[in-house]
Each structure stands twice: as C-alpha cells, then as structure tokens.
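Listed here are the chains, written in short residue letters.
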Amino acid sequence: MNKTRLVLVSAVALISFGTATSISADEVANKTQTAQTNAITSTVSDDFINKFDKAIYLENDRFVINFDILPADTTQTEISQLQQLVSQNNSILLQNVNNPNATISTDNKSVNFSESVNNRLRFREGSNYVHIYWWGLRIGISRSTLQVIGGGVGIAGIWIPEPLVSKIIATAGAVTALSPGGVVFNSTPGLANFWGVEWQ
C-alpha cells in the first residue's frame, strides 16, 4: 500500500460547465485569492481510502457514511476527516446535479459528469469529465481543451487553473500545447495535489 500522504488544500471555485475558456489575469488572481481564503487542509492516503470505502455509499445523489460499519479502530480525528471529505464532495454534487450541459451517470461509488464527444475521436481526443467519489475527484481533460486552455478550464463546476494543468501534463512527460491526447488524474476538492496521471 502506498504510505505516502497527500496534503490537500480544499476549496472549490465555480465556473459554468463547458469547454475551455480564456480569462484575464485579474480573474485568475480573484479565483486564487478566493481559493486561499476558503482553504481547508486535510490529509488523505490510500490506506485511509481503503479503510473507509465500504462505509460510504450513494443515496439520492449524495454520499452517506454508514457509521455502523466503520472499523472498530476508527478515531474521532478520522471520523472528522471522513465527514469533511464527504461534505465537500456532496457540495460539488449538489451544485452540478441539475447541470443541463452534462451527461450524468452513477454507479454505487461515484457520480460521473461528462460532455458529449464524437465516438470516433474519443481514443485520441479524450473527453472532459469529472467523476466524484467520496474521497475526491477523477478529472478528464480532452486534448483539444488542453491545446486552448488559456488561463484554465471549468468542468462541471470545477475550476482547473492552467499552471496546475501544465504540472499534470509535465508529470506525464509532455507539454500542454503538444499533448498526445487527453489526460486524466485524481485529486480532492481544491486540486492542490494530484496523482494517478494517465493519458485518455
């Protein structure tokens, strides 16, 4: 198991769902200041996710904690952290569940928001989407969105600033403007840290 702990800063800057948009430097500064003002620090690890995954389920488009099946060695600090993560991701769900521009699907552990993409282009192009889990997010950004990213991109109400996108693409061994395809990665609300970077 990966024992590396990720320190994550949580804040959500809401932008309407859609394709990449260019924004001014002032708008980027305002979004950064808002994110810093609303920051909440939390720690998440693979062990934490694995320990509590069975106790979280979806009910009526919300994540719910089943306290009756939490492991016996669960500490109050872990319960607080679990409640914070679930609350943050339920807020994202609430803000996006009625989005008319998104295709929404659910399974027993996630709610998935995606844009329509021509199927013949899907392998190389990828698609823009956000899968919301109780522990965080799995975000996909299409190749064409990467190539016109401007100051950042809003997908399902999640603002992803260009500097973060460049770091993610660099982790995969490329530069944003020359990416060989869409990219997908894991994060928690706030997007301060990411992991699991892959090409779509």
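Residues numbered from 1 in each chain as written. Predicted model: local features only at pLDDT ≥ 70, side-chain atom pairs only at ≥ 80, totals over all residues. Heavy atoms only, no water.

A. Examining the overall build of the protein chain more closely. In terms of helices and strands, the protein chain carries six helices and 12 strands. The 200 residues of the protein chain split such that 45% are buried. When contacts within the protein chain are restricted to residue pairs at least 6 apart in sequence, long-range pairs at least 24 apart make up 61% of them. Carbon and sulfur atoms make up 51% of the accessible area of the protein chain, which totals about 10200 Å². (Helix = DSSP H or I, 4+ residues; strand = E, 2+ residues; numbered from the N terminus. Buried < 20%, exposed > 50% of the residue type's maximum accessible area, 1.4 Å probe, protein only. Contact = heavy atoms within 4.5 Å. Areas by Shrake-Rupley, 256 points an atom, 1.4 Å probe, with all protein chains shown as cover.)

B. Structural detail: helix α3 (residues 76-96). The end-to-end C-alpha separation of α3 is 31 Å, in line with the 30 Å expected for 21 residues at 1.5 Å each. If you check which residues of α3 are buried, you get Glu78, Ile79, Gln81, Leu82, Leu85, Val86, Gln88, Asn89, Asn90, Ile92, Leu93 and Asn96. (Expected span 1.5 Å × (residues − 1).)

C. Focus on the pattern of salt bridges. One pass over the structure, following the stated rule, counts three salt bridges. We note a salt bridge from Lys51 to Glu78, for which the minimum N-O separation is 3.0 Å. Highlighted residues: Lys51 in helix α2 (residues 46-52) and Glu78 in helix α3, separated in sequence by 27 residues. We note a salt bridge from Glu198 to Arg138, for which the minimum N-O separation is 2.7 Å. Taken together, the residues Glu198 in strand β12 (residues 194-199) and Arg138 in strand β8 (residues 136-141) connect sequence positions 60 residues apart. A single network of salt bridges, built from pairs that share partners, joins Lys51, Asp73 and Glu78. (Salt bridge = Lys/Arg side-chain N within 4 Å of Asp/Glu carboxyl O.)

D. The arrangement of the packing of aromatic side chains in detail. Evaluation of the coordinates by the stated rule reveals five aromatic pairs. With a centroid separation of 6.3 Å and 50 degrees between ring planes, the pair formed by Phe48 and Trp134 is classed as tilted. Here Phe48, found in helix α2, pairs with Trp134, found in the loop between β7 (129-133) and β8; they are 86 residues apart in sequence, far enough to count as distant. Accessibility classification places Phe48 together with Trp134 in one group, the buried group. On the basis of an interplanar angle of 10 degrees and a centroid distance of 5.0 Å, the ring pair of Tyr133 and Trp135 is categorised as stacked. (Phe/Tyr/Trp six-rings, centres within 6.5 Å; stacked < 30°, edge-to-face > 60°.)

E. Broad picture of unusual backbone geometry. A positive phi angle is found at Ala156, which is not glycine, with a value near 50 degrees. Here Ala156 lies in the loop between β9 (152-155) and β10 (158-161). Classification of Ala156 as buried rests on a relative accessible area of 1%.

F. Focus on the sheet that holds strand β6 (residues 110-114). With antiparallel pairing, six strands are arranged side by side in an open sheet as β5-β6-β7-β8-β11-β12. Because the sheet does not close on itself, it has two edges, and the strands there are β5 (103-106) and β12. On average, adjacent strands in this sheet sit at an angle of 15 degrees to one another, irrespective of strand direction. The strands touched by α3 within the sheet are β5, β6, β7 and β8, with β7 carrying the most contacts at an inclination of about 135 degrees. (Pairing = 2+ DSSP bridges. Axes fitted to C-alpha atoms, helices over the stretch in contact; angles between N-to-C directions.)

G. View of the nonpolar core. Judged by nonpolar contacts, the single largest core of 42 residues is most densely connected at Trp134, Ile139, Ile141 and Ile160. It is α3 that contributes the most residues to this core, six residues altogether. Leave out the neighbours within four places in its chain, and Ile160 touches Ile139, Ile141, Gly152, Val153, Ile155, Val165 and Leu191. (Core = buried A, V, L, I, M, F, W, Y, C linked by side-chain atoms within 4.5 Å.)

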